[in-house]
Amino acid sequence: MNWRGMQTLFRKELLRFYKVGLQTLAAPVMTTLLYLLVFAQALQERVQVFTGVDYASFLLAGLIMMSITQNAFANSSSSLIQSKITGNIVFILLTPLSHFEFFLAFVAAAVVRGLAVGLGVYLAAVLLVPLPIHNPGWLVLFAVLNSAALGTVGVIAGIWAEKFDQLAGFQNFIIIPLSFLSGVFYSIHALPDFWQRASHLNPFFYMIDGFRYGFFGASDIDPLISLAVVVSVFATLVTLTLLMLRSGYKLRN
Amino acid sequence: MHPLTMTPAINIQSVHKRFGSVNALNGVSLTINGGEFFGLLGPNGAGKSTLINIIAGLTRADEGDVAVLGHHVVRNYRQSRRCIGVVPQELVYDPFFTVREALRIQAGYFGLGRGNDPWIDELLDALMLGDKRDTNMRALSGGMKRRVLIAQALVHKPEVVVLDEPTAGVDVELRQSLWAFVKRLHRDGHTIVLTTHYLEEAEALCDRIAILNHGEVIALDTTQGLLERGIGRTLRVCVTTAAPVTGLTGKYAAKIVRQAGNRLDLQLERRSDSVVDMLDAVRQCGATIIDLSTEEADLEDVFVELTRRKKA
């Protein structure tokens, strides 16, 4: 392993988003707080969630996970597409970094950004909305797994996309719809039967439901099922990404 | 050959590469020896950059093998990439970082830490970037960015340095300073591979040259050897208008490439044609010679002739 090389790429990716922290950290925290204020006010009395759980608390837990996953995705995908379009990806491709080291560095940086934004939302919002923590280990496990999974999706999208337009399409037509339809704003038990079944096909649903369990000790489905689904999805994504990187798909041709 | 191991600096064997229906490289084989200053010439689309990219590991060959100092560029990519520094053709940079940060990051990818800082400082001074080390890359001029690219290629002290059209679009002063720096690298023992469109640049710098056209090596020789390849020289004769040249016959008449007024241009083969015999033939036609000059073929003539022959 080229540990120092991988650590350098990881640090470079951290520096990249840290240097534009207003855009990469502060702005998503602000946007998420606005979602919380607007939706909590509008839906507080209308949406039934878990017994004994306030809607604003329920929503906040979902929004934290949504901000974690969206920012993890944004970090790896935007870094790769920018590097490809400006051409400076060659600085990485010319080096003795393996495809596995490349992957680990990008995903680790995506996890850090996702967790930083999620923590920022939590710290800012708990001043307004009570949010108990039932199982901190479970929370950290889901936060890390989910951000790593979306960081991996970001690597796939960043390698696949050849222009910003394609990446925006990936984000707006796949990532955001799946996030919004995952139960961030509602419990799937409030949905008609068909949409409840459809929600079970959405991996984001398991990410958010499992994460919520860490806060409330309650969830729409058994949290172990959520964990199994998230681990399986992550393992599939990692396999696909490593195969893409090893083949040099859209990077070394 | 490499002084220690006698291993070629770069060994390219039967490399093929296609991009869709375009045959970018069609069985290219080349050996570049350690310590050489090697030129890779060819018209646009000849396959030069594709070949450089395969050597650097940026593109994978469809067939064939490439090794840098004996390390296969795919199977032993870690070792081969440590041995080679590539200056890309495009003026690329990372806008998030200063010059020093960019160089430290590049060194870090090769496993080098702060212990490499003195070398980074030395590079910055040698490339006249010492006062720009803490300047963001975005704020540099094009010439400075080009020099940072060279520093990035050298940051891990590679034995083989590949420069892909390093002087394309740079002003005369910068071109001269880059030439001087590259000559210094060569004197210090680096193997240099240069692709360029400026033939006088290759003629002035390179020991040996390969000319690529349509993905094939159409010439591979020392620079001097290429210049002597039967392209010959032009003999320009001016005669008095009172007695123009009209009676040249046979093999002498076939040498005329241009005749205008009292001026006659004759193409002579370097090895077989005598200037004295040619002048005697002109005099025997009754013409009085009042001036003459000879023009040696340069690499551009060789290049044009070879690529023209290939087309024909």
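Keep in mind that what you see is a predicted model, and the values were worked out from it rather than measured. Here the residue numbering is sequential within each chain, running from 1 through the sequence in written order. Starting at A for chains and at 1 for ligands, labels are handed out in the order in which the entities are written. Residues qualify for local features only when their pLDDT is at least 70, as the model is predicted, and side-chain atom pairs are given and counted only at 80 or more; totals for whole chains, interfaces and linings, by contrast, use all residues. Each side-chain value is worked out from all heavy atoms of the structure, with water and hydrogens disregarded.

1. Section: the overall build of chain B
- Per the convention used, a helix needs a DSSP run of H or I reaching at least four residues, while a strand needs a run of E reaching at least two, with both numbered from the N terminus. When helices and strands are tallied, chain B shows 11 helices and 14 strands.
- By principal-axis analysis of the C-alpha atoms, chain B measures approximately 80 × 45 × 40 Å.
- Burial classification: accessible surface area is computed with a 1.4 Å probe over protein chains only, and a residue below 20% of its type maximum counts as buried, one above 50% as exposed, and the rest as partly exposed. Looking at chain B as a whole, 50% of its 312 residues qualify as buried.
- For every accessible area listed, the method is Shrake-Rupley and the probe measures 1.4 Å; residues are considered covered only by the protein chains on display. Put simply, chain B shows about 14,000 Å² of open surface, and 48% of that area lies on carbon and sulfur atoms.
- As used throughout, the charge tally considers Lys and Arg to be positive and Asp and Glu to be negative, leaving His and the chain termini uncounted. Charge coordinates come from a single atom per side chain, which is NZ of Lys, CZ of Arg, CG of Asp or CD of Glu. Measuring between centres, the 37 positive side-chain charges of chain B sit 4 Å from its 38 negative side-chain charges.

2. Some thoughts on helix α1 (residues 48-56) of chain B
Residue and element names in this part refer to chain B.
- A large share of α1 lies buried, amounting to seven of its nine residues.
- All of the buried residues along α1 are Lys48, Thr50, Leu51, Ile52, Ile54, Ile55 and Ala56.
- Directly beyond the C-terminal end of α1, a positive phi value near 85° is found at Gly57.

3. So, the pairing of strand β13 (residues 263-268) of chain B
Residue and element names in this part refer to chain B.
- Inspection of the sheet shows strand β11 (residues 233-239) paired to β13 by six bridges, in the antiparallel sense. If you follow Val237 over to β13, its bridge partner there is Leu264.
- Where strand β12 (residues 256-260) and β13 come together, four bridges link them in antiparallel fashion. Its bridge partner being in β13, Ile256 is matched across the sheet by Leu266.
- A pair of strands is treated as paired once DSSP finds two or more bridges between them. Here β12 folds back onto β13, and the loop between the two strands holds two residues, one of which, Gly261, carries a positive phi near 60°.

4. Side note on the sheet that holds strand β1 (residues 10-19) of chain B
Residue and element names in this part refer to chain B.
- On the basis of which strands lie adjacent, the open sheet formed by four strands has the order β2-β1-β4-β5 and antiparallel pairing. With partners counted over all chains shown, the strands left at the sheet margins are β2 (22-32) and β5 (71-72), one partner each.
- Inspection of the sheet shows β1 paired to β2 by eight bridges, in the antiparallel sense. Across the sheet, residue Lys17 finds its bridge partner in β2, namely Leu25.
- Lying over the sheet, α1 contacts β1, β2 and β4 (63-68), oriented at roughly 120° with respect to β1. In this description, contact between two residues means that some pair of their heavy atoms is separated by no more than 4.5 Å. Axis lines are fitted to C-alpha atoms, over the contacting stretch for helices. Their N-to-C directions set the angle, which ranges from 0 to 180 degrees.

5. Regarding the interface of chain B and chain A
- Opposite the 30 residues of chain B that make contact, chain A presents 31 residues.
- Regarding the contact of chain B and chain A, the summed buried area is about 2,700 Å², with carbon and sulfur atoms giving 60% of it.
- Interface area lost by chain B to chain A is led by Leu58(B), Phe96(B) and Tyr109(B), which between them contribute 29%.
- We define a salt bridge as a side-chain nitrogen of Lys or Arg found within 4 Å of a carboxyl oxygen belonging to Asp or Glu. Where chain B touches chain A, the interface holds three salt bridges.
- For Arg78(B), the salt bridge is made with Glu101(A), and the minimal N-O distance between the two is 2.8 Å.
- Throughout this description, a polar contact denotes any pair of N or O atoms lying within 3.5 Å of each other; where both atoms belong to protein, one of them has to be capable of donating a hydrogen while the other can accept it, and for residues adjacent in sequence the pair is counted only when both atoms sit in side chains. In this structure, the connection of chain B to chain A is made through 15 residue pairs in polar contact (both at pLDDT 80 or more).
- Listed by contribution, the elements that provide at least two residues to the side of chain B that touches chain A are β1, α2 (77-83), α3 (99-109) and α5 (142-154) of chain B.
- When residues in the side of chain B that touches chain A are grouped by element, the largest group, five residues, is from α3(B).
- Under the scheme applied here, ten amino acids are nonpolar (Ala, Val, Leu, Ile, Met, Phe, Trp, Tyr, Cys and Pro), four are charged (Asp, Glu, Lys and Arg), and all others, including Gly, are polar. Tallied by class, residues from the side of chain B that touches chain A come to 16 nonpolar, seven polar and seven charged. Here the quantity called buried area is the total loss of accessible area, with a 1.4 Å probe, experienced by two parts when brought into contact, counted for both.

6. A word on the domain arrangement of chain B
- Domain limits in this description derive from either an automatic procedure or a database domain assignment. With domains assigned, chain B is organised as domain 1 (10-227) and domain 2 (233-296).
- Look at where the C-alpha atoms of domain 1 of chain B and domain 2 of chain B centre, and you get two points 45 Å apart.

7. A closer look at the sheet that holds strand β9 (residues 208-213) of chain B
Residues and elements named next belong to chain B.
- Spatially, the six strands line up as an open sheet ordered β6-β7-β8-β3-β9-β10, and their pairing is mixed. Of all strands in the sheet, those with a lone pairing partner are β6 (84-87) and β10 (216-222), marking the two edges. Averaged over all neighbouring strand pairs, the angle between strand axes comes to 15°, with direction disregarded.
- One ladder, built from four bridges, connects strand β3 (residues 37-41) with strand β8 (residues 191-195); its direction is parallel. Bridge pairing in β8 links Gly39 to Leu194.
- Across the sheet, α5 is in contact with β6 and β7 (160-164); its angle to β6 comes to roughly 165°.

8. Observations regarding the packing of helix α1 (residues 3-18) of chain A against α3(B)
- α3(B) packs onto α1(A) with a crossing angle of 145° between their chain directions and a minimal axis gap of 7 Å. Residue-level inspection shows Arg4(A), Gly5(A), Thr8(A), Leu9(A) and Lys12(A) of α1(A) in contact with α3(B), the latter providing Ile105(B), Gly108(B) and Tyr109(B).
- In terms of residue class, the contact of α1(A) with α3(B) is made up of three nonpolar, three polar and two charged.

9. Structural notes on the packing of aromatic side chains
Residues and elements named next belong to chain A.
- Centres within 6.5 Å make a pair out of two Phe, Tyr or Trp rings, where for Trp the six-membered ring is used; the pair is then stacked when the planes are under 30 degrees apart, edge-to-face when over 60, and tilted otherwise. Taken as a whole and assessed by the stated rule, the structure comprises 16 aromatic pairs over all chains.
- Pairing Tyr35 with Phe180 gives two aromatic rings, centres 6.0 Å apart and planes at 75°, and the pair type is edge-to-face. On the criterion of sequence distance, the pair formed by Tyr35 in helix α2 (residues 21-43) and Phe180 in helix α7 (residues 164-180) is long-range, its members being 145 residues apart.
- Under the relative-accessibility criterion, Phe180 is labelled partly exposed at 26%.

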